[in-house]
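# Residue-level structure breakdown
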Amino acid sequence: MEFCMNPEIRQALSDWNPWDKGEFPMNLLGLNRDYDLTPYLQAPEIKIIEGARRVGKSTLLYEVIHHVLKNHKNLLYVNFEDEILKKYSLSEIIYEHLEHANIDYLFVDEIQSCIDWVQFIRKMYDRKEIKQIWVSGSNASLIKAEYATLLTGRNLPIHIFPLSFHEFLTFKSILIESLPVSKKEQAKIIGFFTEYMEYGAFPAVVNRDTFKKEILLAYFEDFIYKDIVARHNVNALKVKELAIYLATNSAKLFSYRKIAMILQCHLNTVSDYLSYFKEAFLFEELHKHDFSLTKKLSHDKKIYCLDTGLAACVSFRFSEDKGRILENIVYCELRRRRHEIYFHKQNHECDFIIKQELCITQAIQVCVNLEDPETKKREMNGLLEAMQSYRLNRGVILTYMEEGEESIVLNSEKFAIKIVPVWQWLLGGIADA
């Protein structure tokens, strides 16, 4: 294929590859995350970094680039958020660059905005024309639907989340080497945990001292208008109404039919819009556990938001309910730890059960505290029912501040329940089953 010299492409690539002019701009590197992606450089497969917008994917790519540049120079970074580059296909951009330089390492950011990338990437990989290929994207369907077929066996997916609480503390210059900590350190950690609950864990928000809510609202608008409305050409008002409803009801049971009635729209519309939210990683559904797949999919579900700060800034009541904020944080951490999770509901409800292969290995209940006798009875009943149902002799209740242990005997069976503050559990205060 013949390509004429395109100064527009070359200038855009020059802007995005400042290391070609000399030193690597150190301001591109962020604070330390719990992701070390450099070992992936030993694997030949295409690395696909996925996750919501603003969670730090580009910064992690820059860290890999900085590492590569220590020993290699033939490297190209392409950012498809660039208004010029997104006008062209990846093949046009690459062949334009190859006119004057080789490429051993290729990094492509926000690839969902790129034209026909999969076929070209596969050809480059199969022909071994490029040693390493890394791509990132902020839309699950535009990435997975493509690489699930054409790139099967050729890719390694890496999912990036907002900051864990450990990362959050690192950003605040608090380094926790082990637990327990001193009373003074604990007070400081709890203060930061309150901030973590209120404003969430987007890296740029954590680094700010002012205008946190304004930034979160801007992110929310980007999710709605850039990730959903612009891509799917749908009713912006209804999409926004649904997003606010879901944020307000995060960590609650919901059904598509009930939402359709509340928002006065068709059931299929609700289903479509929810799929768009999931594609953008904004909301996720949690299913009730059932050994029947059909029943599992037909039950009511629970909804969780990507970030508690984002949910709180756009919702009407979520920020007032500390229990649901804690539950949302625990959900996100379980996903970050790559657990297969469900909730349990029969006569009582247990917030999370963890499945490994074919076995349920852990039951977790989340609440603010157990001071009220009725609350304690409800939380214990839900956890014990789940423990009995899945033959577990140990369970966990995560709280805001309380800690302790309970030993309960039912029908000659002994059950041990550990009560742990959420902040401590997030930092590894108990074994992660």
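Everything discussed here concerns the structure shown above.
Structure report, in brief. (Residues numbered from 1 in each chain as written. Predicted model: local features only at pLDDT ≥ 70, side-chain atom pairs only at ≥ 80, totals over all residues. Heavy atoms only, no water.)

### Looking at the overall build of the chain
Rules: Elements are defined by DSSP. Helices are runs of H or I of four residues or more, strands are runs of E of two residues or more, and each kind is numbered from the N terminus. Three labels apply to residues, based on accessible area from a 1.4 Å probe with only protein chains included: buried if under 20% of the type maximum, exposed if over 50%, partly exposed otherwise in between. Whether two residues touch is decided by their heavy atoms; if any such pair falls within 4.5 Å, the residues are in contact.
Looking only at helices and strands, the chain features 17 helices and 14 strands. The C-alpha extent of the chain, read off along each of the three principal axes, is 80 × 55 × 45 Å. Taking all 433 residues of the chain together, 54% fall into the buried category. At a minimum sequence separation of 6, the contacts of the chain that also span at least 24 residues come to 69%.

### Description of the packing of helix α10 (residues 236-248) against helix α11 (residues 256-263)
Using the following cut-off: Lines are fitted to the C-alpha atoms to define the axes, a helix being fitted only along its stretch in contact, and any angle between axes, read from their N-to-C directions, falls within 0 to 180 degrees. Any angle that is under 35 degrees is reported as roughly parallel, and any over 145 degrees as roughly antiparallel; angles of 65 to 115 degrees are reported as roughly perpendicular and all others as oblique. For any helix crossing, the convention is left-handed if the near helix is rotated counterclockwise from the far helix by under a right angle, and right-handed if that rotation is clockwise.
One can describe the packing of α10 onto α11 by two numbers: an axis separation of 11 Å at closest approach and a directional angle of 125°. By the angle between their axes, α10 is oblique relative to α11. Helix-helix and strand crossings are classified by hand; for α10 and α11 the assignment is right-handed. Residues K238, E241, L242, Y245 and L246 of α10 form the contact with α11, whose own contacting residues are K258, I259, I262 and L263.

### Digging into the side chain of D351
Quick note on the threshold: In the analysis that follows, any N or O atom pair within 3.5 Å is treated as a polar contact, provided that within protein one partner can donate a hydrogen and the other can accept it, and provided that, for residues neighboring in sequence, both atoms belong to side chains.
Counting through the fold element by element, D351 comes out in strand β10 (residues 349-356). A relative accessible area of 5% places D351 in the buried class. At a separation of 2.8 Å, a polar atom in the side chain of D351 contacts the main-chain amide nitrogen of V366. Apart from residues lying up to four places away in sequence, D351 is in contact with L286, K302, E327, Y342, F343, I364, Q365 and V366.

### Topic: the nonpolar core
To keep it simple, the criterion reads: In this text, buried Ala, Val, Leu, Ile, Met, Phe, Trp, Tyr and Cys residues form a nonpolar core when linked through side-chain atoms within 4.5 Å.
Counting residues in each nonpolar core, the largest one holds 106 residues, and the members touching the most others are F107, F165, F193 and F277. The element best represented in this core is helix α9 (residues 212-232), accounting for 8 residues. Setting aside its immediate chain neighbours within four residues, F193 contacts F165, L326, I329, Y400, V422, W423 and L426.

### Notes on the sheet that holds strand β4 (residues 132-137)
Quick reminder of the rule: Any two strands between which DSSP finds at least two bridges are classified as paired.
Spatially, 5 strands are ordered β2-β3-β4-β1-β5 in an open sheet, and the strand pairing comes out parallel. Every other strand in the sheet has two partners, leaving β2 (75-79) and β5 (155-159) as the edge strands with one partner each. Ignoring strand direction, the axes of neighbouring strands in this sheet form an average angle of 15°. Relative to β5, strand β1 (residues 46-50) runs parallel, the two being bridged by 5 bridges.

### Regarding the sheet that holds strand β8 (residues 301-305)
Taken in spatial order, the 3 strands make up an open sheet running β6-β8-β7, and their pairing is antiparallel. The open sheet has two free edges, formed respectively by β6 (253-254) and β7 (283-287), since each of these has just one partner strand. Direction of pairing for β7 relative to β8: antiparallel, over a ladder of 5 bridges. When the sheet's bridge partners are listed, E285 is paired in β8 with I303. Strands in contact with helix α15 (residues 322-336) are β7 and β8; relative to β8, the strand with the most contacts, it is inclined by about 85°.

### Examining the environment of K213
Tracing the chain through its elements places K213 in helix α9. Measuring from C-alpha to C-alpha, the distance between K213 and Y199 comes to 7.5 Å, with 14 residues separating the pair along the chain.

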